[in-house]
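# Descriptive structure summary
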Amino acid sequence: MASDEASAPAADRIRVVGKWVGALEVDLGAWTVPMLRAEVARRVGDGVEPDRVGLIFGGRVLKDDPPASLREAGLKGNAKVLCSLTSPDRAKEIAAEAAKAKAEEEHAARLVRLWDAAKALSQRHTDGSFLEDEDYNLDLEDQSGQKVMFGSVEDMKALKMALMLHQKGKTQMKKKMYKEALDVLTMAEEAFSLCDSKLIEKVDNVPMLQLDIVWCYFVLRDVSCLEVAGTRLEKARVGFERSHGKDSSRFRVLQAGRQADLAIYVRLELLEGVVAYYNGHADKARGSLTSAQAKYLQLQVPDEAISMLMDMGYEARSAKRALKMTGYDIQSSVDLLCEEREKKIRRREEDRERQREILEQMRYGRTPTNKAVDLQKLKGLTTIGFEKYLAAEALRINENDAEKALDLLTNPEQNCILQSKIQAKRSRASRGIGAGSSSSRAAAARTAPINNSQASVSAPSHAVDGNALPHARDGNPPEGNDADGNLPEGNDADGNPLEGNDAQLLDSEEAMINEETANEDEETANEDVDMTDEVAVADEHSNSNPVSARDVSMESELAHDLTGDALDDYDIDVSDEGQAIAEYLSLLESAATASS
């Protein structure tokens, strides 16, 4: 007995006052605040839960997080602790407030990550830099699939950033996460404000963003935003008219007479009617809502028309979208579906070509500031007679400055030194040729470009395309992709089942591409032998400007939200709008009946 008592740790006494009064024997080094809280709750009795017990020591509340011993919390022997007891409802309120505060903190941190990731992506893919472990490349395209290059480099960065954030917000809207989407859309608006206003006036992305923001207000029933909602809708109306033309005349011409934008105006006029209703302008509200209802009825596609297109082999969703955008005209719908199929095939071909380009760039290594070698400038130097590997290295070490690279190559002494360095590196690296070529081919398999454009651009020579959206070429596996990020067999670039003869056409194209790839792999293996020296030389400087830390998961999340579907913004399911139109017209009718 004496031995047991001698080996037991010495207990400290603390005094508790308040809801329960007494002394407790505790081990200050082993006991934690939650343990003390639980013991006090037990002493109080009546089934009191520990989370209802509040503990105060030295004028401060003892908290459970982070868990610490009582000694680390500042308690000593004979310390005096005040305990209080909250009501069950108050305890739940405190817990709810703590959970809400934590959720808000996490949401704010996520928004910061989202902004930083979008900024990093826009900068890296605008200045020509890339990373070997990325499986996407960002480009801007208009609705016809042509690359968009306008404004300054800073404008391009801001536009890419804005489009990525806007797409992320739209993705959250589709998931019914309207509160979260509103915050992201607000960030997209800030990014758009960094662009030259004269440039973004030519596209309908900004008015689309204004419309999306107000729709979030409406779904969240945020009446406090009524005034600002009216202002945003006015901006959207002006922006659409500027981009689409009066009564969408320019848009109709560009879309071959199709009414692809009809759903947008259903939502716009509904929201204008709702704002007018709450501002007490009954006549204006009735006019907007009646116009919205007429357009809504035009978008109700007959089942017979959908069945006809499905009998031709088209998927139901695509058939319905085509019919809505062509006013149920079967032939026009088939034409639209064929155009979309051709765009997908062309995009796949362009993606593969871009993959080959990225593979080639990777063999040349990165410049001191982590940019890829400019292939267009390289082509210019090889055209005038310089060897490719030598011209690539001259461009690489001169940050893609063609004039400096040309000066180096035409200077016999510097040219000789450069060749000597490359030859020396080639000799030292020759024993690792096999591993080098294998690595290059593996990297090529991972690399896929992103087609980043949701903004249509107008120019004096041709009219505005309507809308420009960021889109992720094959590098963005949509829902339904396999574990390796590849499209399931028989699916199109959007992850949907192929329609009609699409599968046969794409299978034929796939066979041709596979044959080309097999030949190119053999050529690549031979080229890798010649290019190993370039990689080795590049390694000398590859770490001179190391890439900053990446938020890989957030960057991938942003990239994978990009669809590249030029008609996605116009393909709105207006069933919720239809219900809202009927609801507010009924309210107006009831108000008119009551006043009479």
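In case you missed it, the structure is sitting above this.
Everything quoted here is computed from the prediction, not taken from an experiment.

Calculation rules
Position numbers for residues start from 1 in each chain and track the written sequence from start to end. At least 70 in pLDDT is required for a residue's local features to be given in this predicted model, at least 80 for side-chain atom pairs to be given and counted, and no such filter applies to totals for whole chains, interfaces and linings, which use all residues. Water and hydrogen atoms play no part in the side-chain values, which are based on all heavy atoms of the structure. In this description a helix means any DSSP run of H or I spanning at least four residues, a strand means any run of E spanning at least two, and both kinds are numbered starting from the N terminus. In what follows, a contact means two residues having at least one pair of non-hydrogen atoms within 4.5 Å. Here the open area of atoms and residues is found with the Shrake-Rupley method and a 1.4 Å probe, where only the protein chains shown may cover a residue. Whether two aromatic rings pair depends on their centres lying within 6.5 Å, for rings of Phe, Tyr and Trp, where Trp uses its six-membered ring; planes under 30 degrees apart make the pair stacked, over 60 edge-to-face, and the rest tilted. Partly exposed describes any residue whose relative accessible area lies between the buried limit of under 20% and the exposed limit of over 50%, with all areas from a 1.4 Å probe on protein chains only and scaled to the type maximum. Only when the NZ atom of a Lys or the CZ atom of an Arg is both within 6 Å of the ring centre and within 35 degrees of the ring normal do we say a charge sits over the ring. Directions from the helix axis toward the C-beta atoms define the arc. Pairing of N or O atoms within 3.5 Å defines a polar contact, subject to two protein rules: one partner must be a possible hydrogen donor and the other a possible acceptor, and residues neighboring in sequence count only if both atoms are side-chain atoms. Joining through side-chain atoms within 4.5 Å is the link that ties buried Ala, Val, Leu, Ile, Met, Phe, Trp, Tyr and Cys residues into a set, and such a set is a nonpolar core. Helix axes are fitted to C-alpha atoms over the stretch in contact, other axes to C-alpha atoms as well, and angles between N-to-C directions run from 0 to 180 degrees. An angle below 35 degrees is read as roughly parallel, one above 145 as roughly antiparallel, one from 65 to 115 as roughly perpendicular, and any other as oblique. The crossing is said to be left-handed when, going from far helix to near helix, the turn is anticlockwise and less than a right angle, and right-handed when the turn is clockwise. In this description, strands pair whenever DSSP reports at least two bridges between them. Gly counts as polar in this scheme, as do all residues outside two lists: the nonpolar Ala, Val, Leu, Ile, Met, Phe, Trp, Tyr, Cys and Pro, and the charged Asp, Glu, Lys and Arg.

### Some words on the overall build of the chain
- In terms of helices and strands, the chain carries 22 helices and 8 strands.
- Here the analysis covers contacts within the chain between residues at least 6 apart in sequence; of these, 70% occur between residues at least 24 apart.
- Surface exposure of the chain reaches about 29600 Å², of which carbon and sulfur atoms provide 51%.

### With respect to the packing of aromatic side chains
- The final tally for this structure, using the stated rule, is 6 aromatic pairs.
- Ring centres of Y278 and Y584 lie 6.0 Å apart, and the angle between their planes is 75 degrees; on these two criteria the pair is classed as edge-to-face. Of this pair, Y278 sits in helix α10 (residues 262-278) while Y584 sits in helix α22 (residues 575-595), and the two are 306 residues apart along the sequence.
- We classify Y278 as partly exposed; its relative accessible area is 41%.
- Assessed through its relative accessible area of 1%, Y584 is described here as buried.
- Linked through ring pairs, W215, F218, Y277, Y278 and Y584 together constitute an aromatic cluster.
- The ring of F218 has R221 lying over it, and the distance from NZ or CZ to the ring centre is 4.8 Å.

### Structural notes on helix α17 (residues 402-410)
- By the burial criterion, the buried members of α17 are A405, L408 and L409. Down the axis of α17, the buried set is contained in an arc of 95 degrees. They therefore lie on one face. Set apart from the buried face of α17 by more than 90 degrees, the exposed residues are E403 and D407.
- Its side-chain oxygen 3.1 Å from the backbone nitrogen of E403, D401 forms the N-cap of α17.

### Some thoughts on the nonpolar core
- Within the largest apolar cluster, 89 residues are counted, with the highest numbers of intra-cluster contacts made by L165, F192 and F240.
- At 11 residues, α10 tops the list of elements feeding residues into this core.
- Excluding residues within four positions of it along the chain, F192 makes contact with L159, A162, L163, H166, I200, N205, V206 and L209.
- Formed by 22 residues, the second largest nonpolar core is a distinct cluster that contains W31, V48, V53 and A73.

### Some thoughts on the packing of helix α12 (residues 303-311) against helix α13 (residues 316-326)
- At a minimum axis distance of 9 Å, the contact between α12 and α13 shows a crossing angle of 125 degrees. By the angle between their directions, the pair α12 and α13 is classed as oblique. The two elements α12 and α13 cross, and the hand of that crossing is right-handed. When α12 is examined against α13, the residues A305, I306, L309 and M310 are found in contact with a partner set consisting of A316, A319, K320 and L323.

### Points about the sheet that holds strand β3 (residues 53-57)
- In space, the 5 strands of this open sheet follow the order β2-β1-β5-β3-β4, with mixed pairing throughout. In the strand order of this sheet, the two ends are held by β2 (22-26) and β4 (60-61), each with one partner.
- Sheet topology note: the strand β1 (residues 12-18)/strand β5 (residues 80-85) ladder contains 4 bridges and is parallel. If you follow V17 over to β5, its bridge partner there is L82.
- Contacts from helix α2 (residues 33-44) reach β1, β2, β3 and β5, with the element oriented near 120 degrees to β3.

### Overview of the pairing of β5
- As defined by bridge partners, β3 adjoins β5 across 4 bridges and the pair is classed as antiparallel. Across the sheet, residue V53 finds its bridge partner in β5, namely L85.

### Some details on unusual backbone geometry
- Positive phi values are uncommon outside glycine, yet Y328 reaches one of about 70 degrees.
- Here Y328 is to be found in the loop between α13 and α14 (330-364).
- The class for Y328 is partly exposed, based on a relative accessible area of 27%.
- The backbone of E399 shows a phi angle near 55 degrees, a positive value even though the residue is not glycine.
- Within the secondary structure layout, E399 lies in the loop between α16 (388-397) and α17.
- Residue class for E399 comes out partly exposed when judged on its relative accessible area of 28%.

### A look at α12
- Restricting attention to buried positions, one finds in α12 the residues A305, I306 and L309. Axial view of α12: buried residues confined to an arc of 100 degrees, hence all on one face. Seen from the open side of α12, the exposed residues pointing more than 90 degrees away from its buried face are D303, E304 and D311.
- On the buried face of α12, the contacting elements are α13 and α14.
- Directly after α12, the chain includes G313, whose backbone phi takes a positive value near 105 degrees.

### What about the packing of helix α4 (residues 153-174) against helix α5 (residues 178-193)?
- The interhelical angle for the contact between α4 and α5, taken along N-to-C directions, is 165 degrees, at an axis separation of 8 Å. In terms of orientation, α4 and α5 fall into the roughly antiparallel class. Crossing of α4 against α5: the hand is left-handed. On the side of α4, the interface is formed by A158, L159, M161, A162, L163, L165, H166, K168, G169, K170, Q172 and M173, while α5 contributes Y178, E180, A181, V184, L185, M187, A188, A191 and F192.
- Grouping the constituent residues of the contact of α4 with α5 by class yields 15 nonpolar, 3 polar and 3 charged.

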